[in-house]
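Coordinate inspection notes
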Amino acid sequence: MTCTDEELVARSNGGDPDSFNELIRRWERPIYALAYRQIGREEDARDVCQETFLRAFRALKGFRGQAKFSSWLYRIAINLCRDWMRRERRTPVMQAPEDVDLMDLAAASVPSESIEDRIGRNDLSRAVERAMAVLPEEQRAAIVLKEYHGLTFQEIADLVGCPLSTVKTRLYQGLTVLRRELARTGTPVKKENLVI
Amino acid sequence: MADILCGYTADRDETLVAYLYGDIDPSQRATFDAHIATCERCRHEVADLQQVRDQLQLWTAPEAPEPLTMPASPAVGSAPRAAIPAGSRSVPTWAQVAAAVLLLGASAGLGGAIANLDVRYERGALTLRTGWSRSESPAALPAARTAASGTVPAAAGAAPWQGDLDALERRLQTELRASPSAAATTVAHTEGSAPNDEAQMLRKMRILLQDSERKQRNELALRIAEVVQEFDAKRGADLANIRSMKTMQSATDVEIVRQQQWLNLLTRASVQSR
């Protein structure tokens, strides 16, 4: 029978190390994906992911279950990403250079597919990544948390510490900018329907 | 394109986003449904933003390169060491550094198992050099480890750092035995160690180094590509500026010639009128 996150937290606080490892197995991939989409660099995203779990482990005793464990973990990760971007003072999401194949550099393992499909998917993925790089940090965080992690508006608001209406506004503005950027780069959007 | 007015009176943008994500209360959804049935602008915008959402799903994050694990039995409340890769335990940092030095020193003492490594203890400091060096004479190796007390005087003819390394090794072993995870294998013995363990350790270190070098090369290539791209963009902008300045320069030259001709004309005219 699968234990809930809160049960695993309780067991880990009771001294069972495997429980926290189970939590890591469950949430490592989403936390790494979140960090990567915010920061844009694999190694640094991995460092942020690692640091997130280290901090969570150290602060586990203080986790009282006021929020979901995943939300708590996301908050730690988002704060670490924010700290990283301020510390590094660089463009948070790297712009993919024109003649460098990021997919090759990242050495991502993908299931076998035709070269044409892979090139097409890579191009679209890169176009989306470039468009996301244009967004301010707050808008990008809102979109990443909503689109890729399925958080509700209220959860995002609690996590980033802003009003509910602000989250919706950031999402609307972010999506509008993305629509313009993707249209500008030629990624298929029905241009005749664009409302500027 | 003609501006299409929207007659929605409430917070339109926020309601549209809530409607788009389906995170909206039923009464508000019904109201907005009725609105977009008659409002072309909102209807198109919802469709376009939904398309953007579909495109966002194309962006996938790469897999994390190595899985994280926590130490087998971390002390609750203590700061855990992230055990990456597997095999690392909750060992103090100084002990890990000492273990690496022991390993490298052992390799140098055995004649440079790692390529051309030279570990020397000079003037009270441990020095590590890479590159071609003299191979250690067998006579420099300690004849036997003295284990009577904590401090070990260097045997005659033995490397001066040998005693310090042995003392560090014993302290490291004590720490590891005291740790619940006594399966750490980061200590290398100068004598009596299984050659297979050492070879395995060396293999692991080489793999880690190669992996790190590969990642650094990739990162460097990416940074260079970014710099080249920025440089090209700046160069293009500068060239465009130079071209426009040349055009202005040419126009100015023409104007100067014209002014000169007028002056000449006026001068001749004034001379003739006298």
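Computed from a predicted model, the values in this text were never measured in an experiment.

Each value, and the rule that gives it
- Residues numbered from 1 in each chain as written.
- Chains lettered and ligands numbered in written order.
- Predicted model: local features only at pLDDT ≥ 70, side-chain atom pairs only at ≥ 80, totals over all residues.
- Helix = DSSP H or I, 4+ residues; strand = E, 2+ residues; numbered from the N terminus.
- Buried ≥ 20, exposed ≤ 12 C-beta atoms within 10 Å, placed from the backbone.
- Contact = placed C-beta atoms within 7 Å.
- pLDDT = per-residue confidence, 0-100.
- Core = buried A, V, L, I, M, F, W, Y, C linked by C-beta atoms within 7 Å.
- Arc of directions from axis to C-beta.
- Axes fitted to C-alpha atoms, helices over the stretch in contact; angles between N-to-C directions.
- Parallel < 35°, antiparallel > 145°, perpendicular 65-115°, else oblique.
- Left-handed = near helix turned anticlockwise from the far one by under 90°.
- Nonpolar A, V, L, I, M, F, W, Y, C, P; charged D, E, K, R; others polar.

1. Some points on the overall build of chain A
Scanning chain A from N- to C-terminus turns up nine helices and zero strands. Each of the 196 residues in chain A was classed as buried or not, and the buried ones make up 38%. Expressed as a percentage of contacts within chain A between residues at least 6 apart in sequence, the contacts between residues at least 24 apart total 67%.

2. Re the overall build of chain B
Secondary structure assignment for chain B yields six helices and two strands. Its helices and strands taken in sequence order, chain B reads α-α-α-α-β-β-α-α from the N to the C terminus. For chain B, the proportion of its 274 residues judged to be buried stands at 18%. Sequence separation of 24 or more characterises 47% of the internal contacts of chain B that already satisfy a separation of 6 or more.

3. Notes on the environment of M85 of chain A
Residues and elements named next belong to chain A. For M85, the position within the fold is in helix 4 (residues 69-88). Look at M85 and you get partly exposed, because 18 C-beta atoms sit within 10 Å. When the C-alpha positions of M85 and E137 are compared, they lie 9.1 Å apart, and in sequence the two are 52 residues distant.

4. What to know about the confidence of the model for chain A
All names here are of chain A. When pLDDT is averaged across chain A, the result is 82; 78% of the residues are at 70 or more. Counting interchain partners and residues more than four positions distant, the pLDDT-below-50 stretch residues 105-111 has ten contacts. Counting contacts from residues 189-196, a segment whose pLDDT is below 50, to residues more than four positions away or on other chains yields 16 contacts.

5. A short note on the nonpolar core
Residue and element names in this part refer to chain A. Ranked by size, the top nonpolar core spans 58 residues in total, and within it I31, Y32, A35, V48, A77, C81 and L145 carry the most contacts. In terms of residue count, the dominant contributor to this core is helix 2 (residues 17-39) (eleven residues). When residues no more than four places from it in sequence are discounted, the contact partners of A35 are A45, V48, C49, A77 and C81.

6. Quick word on helix 1 (residues 5-13) of chain A
All names here are of chain A. Every buried residue of helix 1 is accounted for by L8, V9 and S12. Looking straight down helix 1, one finds that the buried residues subtend no more than 105 degrees of arc, so they occupy a single side. Residues of helix 1 that are exposed and point over 90 degrees away from its buried face: E6 and E7. On its buried face, helix 1 sits against helix 2 and helix 4.

7. Observations concerning the packing of helix 1 (residues 12-21) of chain B against helix 3 (residues 40-56) of chain B
Residues and elements named next belong to chain B. The N-to-C vectors of helix 1 and helix 3 enclose an angle of 50 degrees; their axes lie 10 Å apart at closest approach. Our classification of the angle between helix 1 and helix 3 gives oblique. Seen along the crossing, helix 1 lies across helix 3 with a hand that is right-handed. Of helix 3, the residues touching helix 1 (which contributes L16, Y19 and L20) are C42, E45, V46, L49 and Q50. Residues of the contact of helix 1 with helix 3, tallied by class, amount to six nonpolar, one polar and one charged.

8. Observations regarding the packing of helix 2 of chain A against helix 7 (residues 137-149) of chain A
Residues and elements named next belong to chain A. Remark: helix 2 packs on helix 7, axes separated minimally by 10 Å, with the N-to-C direction vectors making an angle of 145 degrees. Here the hand of the crossing between helix 2 and helix 7 comes out right-handed. Listed contacts from helix 7 to P30, A33, L34, R37 and Q38 of helix 2 are R140, A141, V144, Y148 and H149. Counted by class, the contact of helix 2 with helix 7 contains six nonpolar, two polar and two charged residues.

9. As for helix 8 (residues 153-160) of chain A
Residue and element names in this part refer to chain A. Among all positions of helix 8, only F153, E155, I156 and L159 are buried. Around the axis of helix 8, the buried residues are gathered within 160 degrees of arc, so they sit on the same side. Summarising the contacts, the buried residues of helix 8 are in contact with helix 4, helix 7 and helix 9 (164-184). Residue G161 follows helix 8 closely and has a positive phi angle near 75 degrees.

10. Section: the confidence of the model for chain B
All names here are of chain B. In the predicted model, chain B carries a mean pLDDT of 70, and 55% of its residues have values of at least 70. Below pLDDT 50 for its whole length, residues 132-157 participates in 30 contacts with residues either more than four positions away or in separate chains. Below pLDDT 50 for its whole length, residues 181-192 participates in 32 contacts with residues either more than four positions away or in separate chains. Among the scores for the predicted complex, ipTM is 0.75 and pTM is 0.52.

11. With respect to the environment of K168 of chain A
With respect to the helices and strands, K168 of chain A occurs in helix 9. For K168 of chain A, a count of 25 C-beta atoms within 10 Å gives the class buried. For K168 of chain A and I156 of chain A, which are twelve residues apart along the polypeptide, the C-alpha to C-alpha distance reads 9.8 Å. Ignoring sequence-local partners within four residues, the contact set of K168 of chain A consists of F153 of chain A together with E14, V17 and A18 of chain B.

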